[in-house]
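Here is what each chain is made of, one letter per residue.
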Amino acid sequence: MVFNLVVNIIGIVVFIAIAYLFSKQKHAIHWRSVGIMLVLELVLAWFLTGSQVGVDAVKAAADGFTWLVNVSYDGISFALASWVNVKQMDFVTSSLLPILLIVPLFDILTYIGVLPWIIKWVGRGLAYITGQPKFESFFVVEMMFLGNTEALAVSQLQLKQMKAQRNLTIAMMSMSCVTASILGAYIKMMPGQFILTAVPMNVLNAAIIAAILNPVDVTPEEDTVAKVGGSNAVEETTETTETSGSEALADEQVKAAKPAREPFFSFLGDSILGAGRLILIIAANVIAFVALAKLIDKLLGLINSNLSLENIFGIVMFPFAWLLGFNAHDAFQMASYMGTKLVTNEFVVMGEVTGKVSTFEPHFRAVLTVFLTSFANFSTVGMIIGAFKGIVDRDKNDLISRNVGYMLLSGILVSLLSAGVVGLFVW
């Protein structure tokens, strides 16, 4: 264990070093800010996994999500009793259909102002403690609750006004989030304690990796933050701004036309329809990716019976998995899961291991769960570029499109760093 722990620590250093190696402006990195965030992350990881109070808090939150999911089954069974009242519910029923309750619930909290208030103050606190620009700090917290494309949508006024390099930073950060409304689906398949621990880890690591890969100096006049307006918000939903040196710029943003507040039940109806679309998107992606993976395995088997995607991924990702503190056998298995997740999505791997995850060693279980708890994969790149294409001008979008490699690198390093830090405290 001591040797693996040392390797795990070295791995964390290596992941940060890789980010430094590919940094666009090494001389512009604010190491003090990076150091503060790293220390904060280590303390938080220890608190959530190593202290009784933190472990109890995370378990209570996980139990809360489980309770919400169980409540959703009452609604599902009303319409589809034969899907719920069975010995073993399938993936769509047990993990996806509860989204029909959880997404509207979070949207209601946004509508009444609870989530915007939490996001504002957590983002402000993060900016104050770490020294990061306010909007970047605000955005990573916003993603934690709303998701990447939704957070981009409600921040589009500010994205249009920011310089291109800051938009690239936001695109990199967008590779590393999960939306709170989908956590219930994750918790039905993987250990809830580590799912919920991964969320704040990803927030901090998204800021750390972006600050190293793409450091950007932000002037006081540029350091403004606009409030969120809802899951279906557009540019005009900006309600107010917080300023850091430029009241004039803030006032100019606030003057944007602001339509009348949407009636609650109209808002709720749109939210429910959005949840339904999300379920269809996830289900379609899982079916298609699993089928494509099986097809590729069949074709590879024609070349060599031992050749498969799992083996290929295991070889490519093996060095990174080993640096997370595993022996060679476990590292190869972990690498296979990691590679599959990056090429397909987290649901494919979660669905594969959900029946046996409880049999894994604690370190393996924690690291795998944390690594899977993000949207970092190839399909997310297309979603983010598409979202920016509808928001910013062509020059800014072209810069983001030219840096797809950096976006993928950012997402992978964030997942590795989060898994590595949490793994330090779970053996």
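These figures come from a predicted structure and were not determined experimentally.

## Quick look at the nonpolar core
Right, on to step 1. Membership of the largest hydrophobic core comes to 123 residues, with the highest contact counts inside it found for L159, I170, Y186, M190, F347, L368 and F388.
Right, on to step 2. Aside from chain neighbours lying at most four places away, what touches I170 is F135, E136, F139, L152, L159, M162 and F388.

## Digging into the side chain of H363
Right, on to step 1. In this structure, H363 sits in helix α19 (residues 362–372).
Right, on to step 2. Here the side chain of H363 touches G423 through a polar contact of 3.2 Å, landing on its backbone oxygen.
Right, on to step 3. When neighbours within four sequence positions are excluded, H363 is seen to be in contact with N8, L324, G325, F326, G423, V426 and W427.

## Observations regarding helix α22 (residues 404–423)
Right, on to step 1. If you check α22, its first and last C-alpha atoms are 28 Å apart, about what 20 residues at 1.5 Å a residue would give, namely 28 Å.
Right, on to step 2. Where burial is concerned, most of α22 is hidden: 16 out of the 20 residues are buried.

## Details of the packing of helix α11 (residues 164–173) against helix α13 (residues 192–213)
Right, on to step 1. Where α11 contacts α13, the two axes come as close as 9 Å, and the packing angle between them is 140°. Between α11 and α13, the crossing angle belongs to the class labelled oblique. Here α11 and α13 pass one another in a crossing that is right-handed. For the pair α11 and α13, contact is made by T169, M172 and M173 and by A206, A207, A210 and L213, respectively.
Right, on to step 2. Class assignment of the residues belonging to the contact of α11 with α13 gives a composition of six nonpolar, one polar and no charged.

## A short note on the confidence of the model for the protein
Right, on to step 1. Chain-level pLDDT for the protein is 82 on average; 89% of the residues reach the 70-or-more range.
Right, on to step 2. Taken together, the stretch residues 228–258 has pLDDT below 50 and engages in 62 contacts with residues farther than four places along the chain or on a different chain.

## Looking at the pattern of salt bridges
Right, on to step 1. Taken as a whole, this structure holds two salt bridges when the rule is applied.
Right, on to step 2. In this structure, R166 engages E136 in a salt bridge whose closest nitrogen and oxygen atoms are separated by 2.8 Å. Of this pair, R166 sits in helix α11 while E136 sits in helix α8 (residues 134–146), and the two are 30 residues apart along the sequence.
Right, on to step 3. The class for E136 is buried, based on a relative accessible area of 5%.
Right, on to step 4. Measuring nitrogen to oxygen at the nearest pair gives 3.7 Å for the salt bridge that ties D398 to R394. In this pair, D398 and R394 are both assigned in helix α21 (residues 394–402), four residues apart and thus about one turn of the helix distant.
Right, on to step 5. According to the relative accessible area criterion, D398 is partly exposed, its value standing at 29%.

Scoring rules and cut-offs
- Residues numbered from 1 in each chain as written.
- Predicted model: local features only at pLDDT ≥ 70, side-chain atom pairs only at ≥ 80, totals over all residues.
- Heavy atoms only, no water.
- Core = buried A, V, L, I, M, F, W, Y, C linked by side-chain atoms within 4.5 Å.
- Buried < 20%, exposed > 50% of the residue type's maximum accessible area, 1.4 Å probe, protein only.
- Contact = heavy atoms within 4.5 Å.
- Helix = DSSP H or I, 4+ residues; strand = E, 2+ residues; numbered from the N terminus.
- Polar contact = N/O pair within 3.5 Å; in protein donor to acceptor, adjacent residues only side chain to side chain.
- Expected span 1.5 Å × (residues − 1).
- Axes fitted to C-alpha atoms, helices over the stretch in contact; angles between N-to-C directions.
- Parallel < 35°, antiparallel > 145°, perpendicular 65-115°, else oblique.
- Left-handed = near helix turned anticlockwise from the far one by under 90°.
- Nonpolar A, V, L, I, M, F, W, Y, C, P; charged D, E, K, R; others polar.
- pLDDT = per-residue confidence, 0-100.
- Salt bridge = Lys/Arg side-chain N within 4 Å of Asp/Glu carboxyl O.

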